[in-house]
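# Residue-level structure breakdown
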Amino acid sequence: MSEKSPAEKNLRHLYEEVRPSTELDDAVIERVRELRRHERETAVARVPVTRRAVLVGAAGCAAVAGLALGLPVILGPDDKSAFGLVIAQAAEGDNAVAVSAGPEGLMPCDGTYGPYIRLSLNLSVTGSGVESVTYRVTDSPVTTIDRPSVHNPVTEYPLVRLYTEAPGDYGDEMPPGEAPETVTIDPTASGDTPCVDVNGNVPYLTVNNRDAFWASDEALQLLKAWLGLESRPWSDTSEYAGQEGETDEEHLERVERLTEEAWAEYEALQPQIQAAREAYLESFRAHAATQESFEEWQRTLYVNSFTCAADALGEARLEATAAFANGNAQTRRYRITLVDGYEQVLSERFDALLALDDDFSQCLEEELPWHDFPTPTEEEIEADPRLSEPIFQIEDVTEA
């Protein structure tokens, strides 16, 4: 079972800036806590994702890595300040290298798909005397919120960013304003624990592709229209903030008045809300008419979630700075894009995930389109090559 329902996980990304009354906030928070307590008690323990032992130290190790992956070796035996991501070494000559979708590369987490995807950042490093590698994302396109919430005043944030969480923590992602600017890895660390940064947190690369994803499917457009009407009375909560010269009592009275006005507007919108809801449910139920038709719709949404993330991900750059034992440092920049034939790869990966979990009862009960597939274990990945087939490729564009 997922640590959170598809509704909680996916609808939040569309309306993360919306905040209704404090009373409703408190009720929702308490309900979420109740659901999480129940799911923690019943959830099956997850097998942690591990990364391969990284190759650092002697230049001979780098040569072995290059040969094992069929890549040219770029590190010479006397070069003490050169490094490269193993998967990117073939980028010489404008070649891009496919990245495993298993524990050794950019693996989607929790069968992730929808308006927000999360990729494990388990990239091996080669080089002589590399003590740490610091990642950061640059050149990401941004999204703008015209009406920020008083709870989250950020008006602009990147679509592609880094994110970290404690091992085994499958809670909510960091708010945009709190995402780390950099993530530093100790490449000499290895073992049976997940790839972690120097603070012990698991690093991820995340892509918010909600605008493109919601526009990619008619049923999703209808769902967005319905939810937009539901949230309209609270679409601008900036006026709920305290004003200069206002006493606490005056602020409270104003907030109470604004809340009453919002609820009155919500009641007035009920005919439109119900009509939009019925239009969405009619579309959803058409897709859910049979198990086969629902699975095919799910397959389309799964492929679309990666396709819609491709432009933002390809525009951003993953920057890696290696610090060496001799005090030197070197920075490389990488572009991440989808592999050729990615539609077939993703379709086959969906089939593999379906073989692990084809219970869509929660989707059908909630009448919401997302099924939260479990993250495949290492044993499951080894048993089914479709679960490690590369989805993304990486290219060294430092000199571009």
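Relevant structure appears above.
Everything in this summary refers to the structure shown in the same document.

Parameters at a glance
- Residues numbered from 1 in each chain as written.
- Predicted model: local features only at pLDDT ≥ 70, side-chain atom pairs only at ≥ 80, totals over all residues.
- Heavy atoms only, no water.
- Helix = DSSP H or I, 4+ residues; strand = E, 2+ residues; numbered from the N terminus.
- Buried < 20%, exposed > 50% of the residue type's maximum accessible area, 1.4 Å probe, protein only.
- Contact = heavy atoms within 4.5 Å.
- Areas by Shrake-Rupley, 256 points an atom, 1.4 Å probe, with all protein chains shown as cover.
- Salt bridge = Lys/Arg side-chain N within 4 Å of Asp/Glu carboxyl O.
- Axes fitted to C-alpha atoms, helices over the stretch in contact; angles between N-to-C directions.
- Parallel < 35°, antiparallel > 145°, perpendicular 65-115°, else oblique.
- Pairing = 2+ DSSP bridges.
- Left-handed = near helix turned anticlockwise from the far one by under 90°.
- Nonpolar A, V, L, I, M, F, W, Y, C, P; charged D, E, K, R; others polar.
- Core = buried A, V, L, I, M, F, W, Y, C linked by side-chain atoms within 4.5 Å.
- Expected span 1.5 Å × (residues − 1).
- Polar contact = N/O pair within 3.5 Å; in protein donor to acceptor, adjacent residues only side chain to side chain.
- Bend = angle between axes of the 7 residues up to and from the residue.
- Phe/Tyr/Trp six-rings, centres within 6.5 Å; stacked < 30°, edge-to-face > 60°.

Let's shift gears to the overall build of the chain. The secondary structure content of the chain amounts to 11 helices and 13 strands. In the chain, buried positions account for 49% of the 400 residues. Once local pairs closer than 6 in sequence are excluded, the contacts in the chain between residues at least 24 apart make up 73%. Carbon and sulfur atoms form 49% of the exposed surface of the chain, whose accessible area is close to 18,800 Å².

Okay, the pattern of salt bridges next. Evaluated as defined, the whole model comprises 12 salt bridges. One salt bridge connects Asp351 with Arg299, and the closest N-O pair in it is separated by 2.8 Å. Residue Asp351 is found in helix H9 (residues 342–356), and its partner Arg299 is found in helix H8 (residues 291–315); the two are separated by 52 residues along the sequence. The exposure class of Asp351 is partly exposed, given its relative accessible area of 27%. Across the pair Glu319 and Arg333 runs a salt bridge, and its minimum N-O distance is 3.7 Å. Highlighted residues: Glu319 in strand S11 (residues 317–324) and Arg333 in strand S12 (residues 329–338), separated in sequence by 14 residues.

Below, the discussion takes up the packing of helix H6 (residues 248–268) against helix H7 (residues 270–287). Interaxial distance between H6 and H7 falls to 5 Å at its minimum, and their mutual angle equals 55 degrees. Relative to H7, H6 is oriented oblique. Where H6 abuts H7, its residues Tyr266, Glu267 and Ala268 lie against Gln270, Pro271 and Ile273.

A word on the sheet that holds S11. Sheet architecture is open: 6 strands sit in the order S2-S13-S12-S11-S5-S9, paired in antiparallel fashion. If you trace the sheet from one side to the other, it starts and ends with strand S2 (97–99) and strand S9 (183–185), each paired once. Sheet twist, expressed as the mean angle between neighbouring strand axes with direction ignored, is 30 degrees. H8 contacts S11, S12 and strand S13 (392–396) of the sheet and is inclined by roughly 150 degrees relative to S12.

With that settled, consider the packing of helix H5 (residues 218–231) against H7. In contact at an axis separation of 8 Å, H5 and H7 are set at 155 degrees when each is read in the N-to-C sense. The angle between H5 and H7 places the two elements in the roughly antiparallel class. Note that H5 runs across H7; the crossing there is left-handed. Mapping the contact onto sequence places Ala219, Leu222, Leu223, Trp226, Leu229 and Glu230 in H5 and Gln272, Ile273, Ala276, Arg277, Ala279, Tyr280, Ser283 and His287 in H7. Its residues placed into classes, the contact of H5 with H7 shows 9 nonpolar, 3 polar and 2 charged.

Burial of strand S10 (residues 202–208) is extensive: 7 of the 7 residues sit out of reach of the surface. In S10, alternate side chains face the same way, and those of Val202, Tyr204, Thr206 and Asn208 on one face and Pro203, Leu205 and Val207 on the other are all buried. Where strand S3 (residues 116–120) meets S10, 5 bridges bridge the pair, whose relative direction is antiparallel. The residue of S10 that forms the bridge with Tyr116 is Asn208. Pairing geometry for strand S8 (residues 160–165) and S10, over 6 bridges, is antiparallel. Along S10, the bridge assignment pairs Tyr163 with Tyr204.

With that settled, consider the side chain of Ser120. Following the sequence through the fold, Ser120 ends up in strand S3. With a relative accessible area of 5%, Ser120 lands in the buried category.

Mapping Ala241 onto the fold places it in the loop between H5 and H6. Sequence spacing of Ala241 and Arg254 is 13 residues, and the spatial spacing of their C-alpha atoms is 9.8 Å.

It is worth spelling out the nonpolar core at this point. One finds Leu106, Leu123, Tyr135, Leu223, Ile336, Ile391 and Phe392 to be the most contacted residues of the largest nonpolar core, which totals 77 residues. Residues Cys109, Tyr116, Val202 and Tyr204 belong to the second largest nonpolar core, which totals 5 residues.

Helical geometry: 3.6 residues make up each α-helical turn, so side chains three or four residues apart lie on a common side. Helix length check: H5, at 14 residues, gives a terminal C-alpha distance of 20 Å against a target of 20 Å (1.5 Å per residue), a fit within 8%. Of all the residues in H5, the buried ones are Ala219, Leu220, Leu223, Trp226, Leu227, Leu229 and Ser231. Sitting at the amino-terminal end of H5 is Asp217, which places a side-chain oxygen 2.9 Å from the backbone nitrogen of Ala219.

Turning next to H8. With 25 residues, H8 should reach 36 Å at 1.5 Å per residue; the first-to-last C-alpha distance of 38 Å fits that figure. At Ala309, H8 shows its largest kink, close to 35 degrees.

Overall, the coordinates contain 16 aromatic pairs when judged by the stated rule. With a centroid separation of 5.5 Å and 90 degrees between ring planes, the pair formed by Trp263 and Tyr266 is classed as edge-to-face. One end of the pair is Trp263 and the other is Tyr266, both in helix H6 and 3 residues apart, which spans about a single turn. Its relative accessible area of 33% is what places Trp263 among the partly exposed residues. Ring geometry for Phe294 versus Phe360: centroids 5.4 Å apart, planes at 75 degrees, classification edge-to-face. Linking Phe294 in helix H8 with Phe360 in the loop between H9 and helix H10 (361–366), this pair joins segments that are 66 residues apart in sequence. This pair shows no difference in class: Phe294 is buried, exactly as Phe360 is.

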